[in-house]
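One-letter residues, chain by chain:
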Amino acid sequence: MAKELSSREDNYSQWYTDLVTKADLAENSAVRGCMVIKPYGYAIWESMQAALDRMFKDTGHQNAYFPLFIPKSFFSKEASHVEGFAKECAVVTHYRLKNDPNGKGIVVDEDAKLEEELIVRPTSETIIWDTYRNWIQSYRDLPLLINQWANVVRWEMRTRLFLRTTEFLWQEGHTAHETMGEAIAEAEQMLRVYAEFAEEWMAMPVLRGVKSPNERFAGAVETYCIEALMQDGKALQAGTSHFLGQNFAKAFDVKFLSKENKQEYVWATSWGVSTRLMGALVMSHSDDHGLVIPPKLAPIQVVIVPIYRNAEQLEMVAVKAREIKKSLEARGLRVKFDDRDTQKPGFKFTEWEFKGVPVRIAIGPRDLENETVEVARRDTLEKEVLQMTGLDQKLVNILEQVQKNLFQKALDFRNLNTFKVDSWDEFLVQIEKGGFILAHWDGTAETEQKIKDETKATIRLIPLTNDGKPGKCVYSGKPSTQRVYFARAY
RNA sequence: CGGGGUAUAGCGUAGUCCGGUUAGCGCGCCUGCUUUGGGAGCAGGAGGUCGUAGGUUCGAAUCCUACUACCCCGACCA
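So, how was this worked out
Residues numbered from 1 in each chain as written. Chains lettered and ligands numbered in written order. Predicted model: local features only at pLDDT ≥ 70, side-chain atom pairs only at ≥ 80, totals over all residues. Heavy atoms only, no water. Domains from an automatic or database assignment. Helix = DSSP H or I, 4+ residues; strand = E, 2+ residues; numbered from the N terminus. Buried < 20%, exposed > 50% of the residue type's maximum accessible area, 1.4 Å probe, protein only. Contact = heavy atoms within 4.5 Å. Phe/Tyr/Trp six-rings, centres within 6.5 Å; stacked < 30°, edge-to-face > 60°. Disulfide = S-S within 2.5 Å. Pairing = 2+ DSSP bridges. Axes fitted to C-alpha atoms, helices over the stretch in contact; angles between N-to-C directions.

Undergrad: Looking at this structure, I do not really get the domain arrangement of chain A. What am I missing?
TA: Interface size is often expressed as the accessible area that is lost when the parts come together. Each assigned domain of chain A is listed here: domain 1 (12-65 + 131-285), domain 2 (302-398) and domain 3 (418-487). For domain 1 versus domain 2, the separation of C-alpha centres amounts to 38 Å.

This is the structure in structure tokens:
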């Protein structure tokens, strides 16, 4: 492979880009800002999708699919929503090409101009609420719990593989409820689902909270979020869940007849996570040796590398290796036997390490004699020789340990990099070092903006539960009811 | 979209200032032999319209103009 990886210390963003491209997760495409997700990267995304989809279904949601294109007029119906997205929309104006009459090439046929221009969805609230109007008449039609897996387009100035691309993949849930309380409960429930997914599956600890009004989703009454800390000390928003109040119901006239026979507007939520989670995954666990993927999401959980000197030895080793593979698969593990004869073992070790496979088994003639295998863990890079007897269970246990260890390491890192700060001087020093800063804030948008202008730090979230300890704003000195989390963010 | 940089084989690069043989090297790739418990060795071989389009010149990777893409830094954002 001969792949040189930049170190995290030397150049964190180069390290990230190297990792994503050289581990075959994704690459830049011919289209500016858009990426090609390669098979190995897509397999991880599919793992994420599968787990999330199960969790959505388990909480009563169904999948559906709405169009890629949104009539421009829909878009302008909810005022703050348009304002939030207008600056980054791709617009379809024509529907036909023709041969250039002046010579070579192909040009837009100006005669084929659309009556009404179409927006390529940056999110689907408008088209969905326009549709829901026809689906909802009675309280009996509620709650309506729908999710869709889709691509969306946001015309970003600067893009980075997975973290911010012009087109990205995501899921967006859109629900309608009878009461405000039910809608809030839904938004909070989905936040819990996201947090559980991040922590249990991605082994990535997250903070839960709500956004300040400034950082709220365009059109939302309240935005709940999970935030994770990356290894370079920057925060990353990993998922959001919005309580939309009756904003979209009113904009799209979605009413239902209540039990009391009264026309009422429905209450709404929306929630989403995107392929950005891939970036979060990479930046949470990986090291200077390459990717580290938590076992629960790894496309390959165990790779078996045969060691041999000649064809006869290969055959003997391969028989044993296939036996091991089969019995591990019977335990539900995803196993690859790397029997390529074109690469040497050392090469394979490095390659699978680079790709973040959690556990590697090496098996050679010596092992056949001794009834052993060599097992190496990706998270700790430790190797040990294990007896073949009971190997399946040992590997199941090791994978569980790896999953736990990755979470614990990330949690320890976050704890070490979260600081209570009570003075502005201290804030200025600490923000340069990275990490979360827990500080008092007077609750005003002005202060928030000034802090952002002076330090590039934003309020990542306001904790869900007030710790009940009032104080003084770190910037203005005015009274504050609770501490909030600040950080520089992706 | 502003400021700066880069563009030569799949990847990394030399050559560009000062125009002049057949554009060189490493990795990777192909063939063969030897190898195989942490990125193999030797031998032979394939692969380039020098980002694109114009221009200057007897002659352009090299000089000029425009465009495009990518990287870094800002503004915007999940």
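Undergrad: Can you help me understand the environment of Ile-146 in this one?
TA: Examined against the element boundaries, Ile-146 turns out to sit in strand β9 (residues 144-153). Owing to a relative accessible area of 6%, Ile-146 belongs among the buried residues under this scheme. Residues contacting Ile-146, with those up to four places away along its chain left out, are His-61, Gln-62, Ala-64, Phe-66, Tyr-132, Trp-135, Glu-172, Gly-173, His-174 and Thr-175.

Undergrad: Please clarify how the packing of aromatic side chains should be interpreted in this entry.
TA: For any two aromatic rings, the description comes down to two numbers: the centre-to-centre distance and the angle of the planes. The final tally for this structure, using the stated rule, is 18 aromatic pairs. On the basis of an interplanar angle of 35° and a centroid distance of 6.2 Å, the ring pair of Phe-56 and Trp-149 is categorised as tilted. Residue Phe-56 is located in helix α2 (residues 39-58), and its partner Trp-149 is located in strand β9; the two are separated by 93 residues in the primary sequence. With respect to class, Phe-56 is no different from Trp-149; both count as buried.

Undergrad: Looking at this model, I keep getting lost on unusual backbone geometry. Mind explaining?
TA: For residues that are not glycine, phi is negative in most cases, and the peptide bond is trans in most cases. A cis amide bond links Leu-142 with the next residue in sequence, Pro-143, at an omega value of -5°. As for its position among the elements, Pro-143 is in the loop between α5 (125-135) and β9. Of note, the phi angle at Ala-203 is positive, near 55°, even though the residue is not glycine. Among the secondary structure elements, Ala-203 is positioned in the loop between α6 (180-201) and β11 (207-210).

Undergrad: In this structure, what is going on with the state of the cysteines? I would like to understand it.
TA: By definition, a disulfide links the sulfur atoms of two cysteine residues through a covalent bond. In the structure shown here, the tally under the stated rule is zero disulfides. Lacking any disulfide linkage, Cys-89 is separated from the closest cysteine sulfur, that of Cys-34, by 15 Å.

Undergrad: Quick question: what am I supposed to make of helix α1 (residues 12-22) here?
TA: Every α-helical turn comprises 3.6 residues, leaving residues that sit three or four positions apart pointing alike. Among all positions in α1, only Tyr-12, Trp-15, Tyr-16, Asp-18, Leu-19 and Val-20 are buried. Once α1 ends, the next one or two residues include Asp-24, with phi positive near 65°.

Undergrad: Please explain the sheet that holds strand β16 (residues 267-274) as it appears in this structure.
TA: Strand pairing in a sheet is mediated by backbone hydrogen bonds. Such pairs are either parallel or antiparallel. The eleven strands are arranged β3-β9-β10-β16-β13-β12-β11-β24-β27-β23-β22 in an open sheet whose pairing can be described as mixed. Strands at the two margins of the open sheet, each flanked by one partner only, are β3 (62-63) and β22 (418-420). Examined bridge by bridge, β11 and strand β12 (residues 222-229) share four bridges and lie antiparallel to one another. When the bridges of β12 are listed, Arg-208 appears paired with Ile-226. Along the sheet, α2 makes contact with β3, β9, β10 (167-177) and β16, crossing β9 at roughly 160°. Together, β9, β10, β13 (235-245) and β16 form the strand contacts of α5, whose direction differs from that of β10 by roughly 30°.

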